[in-house]
Every structure is written in C-alpha cells, then in structure tokens.
Amino acid sequence: FGCWEPDFEADNGDHRSINQYDHFLATVRNALVDADIDDDGTPDQLIPKGILWMQGESDATREESAAVYEANLKRLMDLIRAAFRSDDLPVVIGRISDSGRSPVGKVWLYGDTVRDAQQAFVTKDSAAAIVTSTDDYDYSDRWHYDSADYVDLGNRFAEAMLGLQPTEN
C-alpha cells in the first residue's frame, strides 16, 4: 500500500525513494517534450481530458491507510490536475469491491472505509464521478475481476468520463 502516495518511500531496495507518482510525473514530462508522439511527422499536442482511477484495494488491507484514503486521494488528484494545469480536470473513480474469497469473508478488511472515502471524494468534487458496477462483477481470483467485467469497467469509465466533459457551444 502507499506506493502511489507522493511522499512514499519503501523501507529497502535500490529504488525505494521512487514511487508511482514519480513515474507519473516522468511520463507526463516525457510526453510534453515529445513534439511528435506518434512519429507521423505531424506535431502533436497533449490535451488531457480526464483521470481514470481504479485503486484502493491495497489501502483497504490496513486500518491506518484506509482511514486517510480520502485525504490522500484528494491530494493526489489535486497534484495530478496541477501537473496538467487544469484544476477542474474530470476524475472518474472505480469503486473497489470485494470477492469475499477469504477465510474471514472479506479480502479487504477495511474496504468499506475506502469505499466511503471514494464516495466522499466524488460528493465533494463537482468534476468527479464514481463507477459502482464493480459490486456486481465476477472474479478470476480473490483480487481481480474476470475479463468480461474489465471490459464492462472500461465502458463504464468511458460513459462516466463523457458525462463529465464540458459541452461545446
């Protein structure tokens, strides 16, 4: 848990001070300096249209990370929006769900805390939406949806993102 937190550092390893946020920034930086991203000879312009976020399961395994999930999510979305210089860049959150395939019943013991935090973020952010179809998905193992439901999730993300796009006059 926590590797997407901008201040995350692992306890050990060669790259313990590099986290997923650092990888995101490097990717954005590289995309912004590449004038011809698809190498077709025509200059390209990167125009971000939104953020799709499907994460929270690892935070739902620990009470301390689940308790601060909303604040961490807001901070990260604010930082991502700042990187794209768009304070109202749409965000679509995929609500985590639980397969129930655990000896104690739930795989994510603090999943409800994270789900509540995801909903609270969306409720407070006028440029955000949440996809809740995950509650009805089947699983290929304890942790992952089956292929058909990943396709459905992609479609639901697209529908929600389209609904958040500003209307053109």
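Quick caveat: nothing in here was measured; it's all calculated off a predicted structure. Throughout, residues of each chain are indexed from 1 in the direction in which the sequence is written. Given that the model is predicted, a residue must reach a pLDDT of at least 70 before its local features are reported, and side-chain atom pairs must reach 80 or more before they are shown or counted; all residues, however, enter totals for whole chains, interfaces and linings. To obtain the side-chain values, all non-hydrogen atoms of the structure were included, while hydrogens and water were left out.

(A) Up close: the layout of surface pockets. Of the two site types, the cavity is a set of points on a 1 Å grid over the protein atoms alone where a 1.4 Å probe fits but cannot get out, and the pocket is an open set with protein on both sides within 12 Å along at least five of seven lines, each lined by residues with an atom within 4 Å of a point. Grid points are joined across faces, edges and corners, and a volume is the space filled by probe spheres set on the points. Estimated volume of the largest pocket: approximately 160 Å³. Lining of the largest pocket is provided by Ile47, Pro48, Lys49, Ser86, Asp88, Leu89, Pro90, Ala127, Leu164, Gln165 and Pro166. Along the lines of polarity and charge, the residues of the lining of the largest pocket split into 7 nonpolar, 2 polar and 2 charged. Each residue gets one label: Ala, Val, Leu, Ile, Met, Phe, Trp, Tyr, Cys and Pro are nonpolar, Asp, Glu, Lys and Arg are charged, and the others, such as Gly, are polar.

(B) Spotlight on the nonpolar core. What makes a nonpolar core is a set of buried Ala, Val, Leu, Ile, Met, Phe, Trp, Tyr and Cys residues whose side-chain atoms join them at distances within 4.5 Å. When a residue's accessible area, from a 1.4 Å probe over protein chains only, is under 20% of the maximum for its type it is buried; when over 50% it is exposed; and in between it is partly exposed. If you look at the biggest cluster of nonpolar residues, it comprises 23 residues, and the most contacted ones within it are Trp53, Met77, Ile93 and Phe121. Broken down by secondary-structure element, the contributors of at least two residues to this core are strand S1 (51-53), helix H3 (69-83), strand S2 (91-94), helix H4 (111-124) and strand S3 (128-131). Elements are defined by DSSP. Helices are runs of H or I of four residues or more, strands are runs of E of two residues or more, and each kind is numbered from the N terminus. Here the element with the most residues in this core is H3; it accounts for 5 residues. Every residue pair with non-hydrogen atoms within 4.5 Å of one another is taken to be in contact. Look past the residues within four positions of isoleucine 93 in its chain and what remains in contact with it is Trp53, Leu73, Gln118, Phe121, Val122, Ala129, Ile130, Val131 and Phe157.

(C) Local environment of the pairing of S3. The alternating pattern of S3 places Ala128 and Ile130 on one face and Ala129 and Val131 on the opposite face, and all of these are buried. Paired strands are those between which DSSP finds at least two bridges. Alignment of S2 against S3, held across 4 bridges, turns out to be parallel. From the neighbouring strand, valine 91 faces S3, where its bridge partner is alanine 128. The crossover handedness rule: strands pointing away from the viewer, path from first strand over the helix to second strand clockwise, crossover right-handed. Following the backbone out of S2, through H4 and into the adjacent parallel S3, one traces a crossover that is right-handed.

(D) Spatial organisation of the pattern of salt bridges. Definition used for salt bridges: Asp or Glu carboxyl oxygen within 4 Å of a side-chain nitrogen of Lys or Arg. Taken as a whole and assessed by the stated rule, the structure comprises 8 salt bridges. The partner of arginine 62 in a salt bridge is glutamate 64, with the nearest N and O atoms 2.5 Å apart. Here glutamate 64 falls in the partly exposed class, since its relative accessible area comes to 45%. Bridged by salt links that share partners, the residues Arg95, Arg115 and Asp135 form one connected network.

(E) Spotlight on the packing of helix H1 (residues 20-33) against H3. With axes taken as lines fitted to C-alpha atoms, and helix axes fitted only over the stretch in contact, angles between N-to-C directions fall between 0 and 180 degrees. Between H1 and H3, the least distance of the axes is 11 Å, while the angle of their chain directions is 15°. When the interaxial angle is binned, H1 and H3 end up roughly parallel. As H1 runs across H3, the sense of the crossing is right-handed. Across the interface between the two elements, Tyr21, Phe24 and Leu25 of H1 pack against Leu76, Leu79, Ile80 and Ala83 of H3. Oblique is the label for any angle not under 35 degrees, not over 145, and not in the 65 to 115 range, which are roughly parallel, roughly antiparallel and roughly perpendicular in turn. Here is the rule for handedness: rotate from the far helix to the near one, and if that takes an anticlockwise turn smaller than a right angle the crossing is left-handed, while a clockwise turn gives right-handed.

(F) Region of interest: unusual backbone geometry. Look at aspartate 39: it is not a glycine, yet its phi comes out positive at around 55°. Along the chain, aspartate 39 turns up in the loop between H1 and S1. Unlike most non-glycine residues, arginine 85 shows phi in positive territory, near 55°. Here arginine 85 is to be found in the loop between H3 and S2.

(G) Fine view of the environment of serine 65. By secondary structure assignment, the location of serine 65 is in helix H2 (residues 63-67). With relative accessibility at 2%, the residue serine 65 sits in the buried group. In this structure the C-alpha to C-alpha distance between serine 65 and tyrosine 110, which are 45 residues apart in sequence, comes to 9.1 Å. Two N or O atoms form a polar contact when they lie within 3.5 Å of each other; inside protein one atom must be a possible hydrogen donor and the other a possible acceptor, and for residues adjacent in sequence the pair counts only when both atoms belong to side chains. Looking at serine 65, its side chain comes within polar contact range of the main-chain oxygen of aspartate 59, at 2.7 Å.

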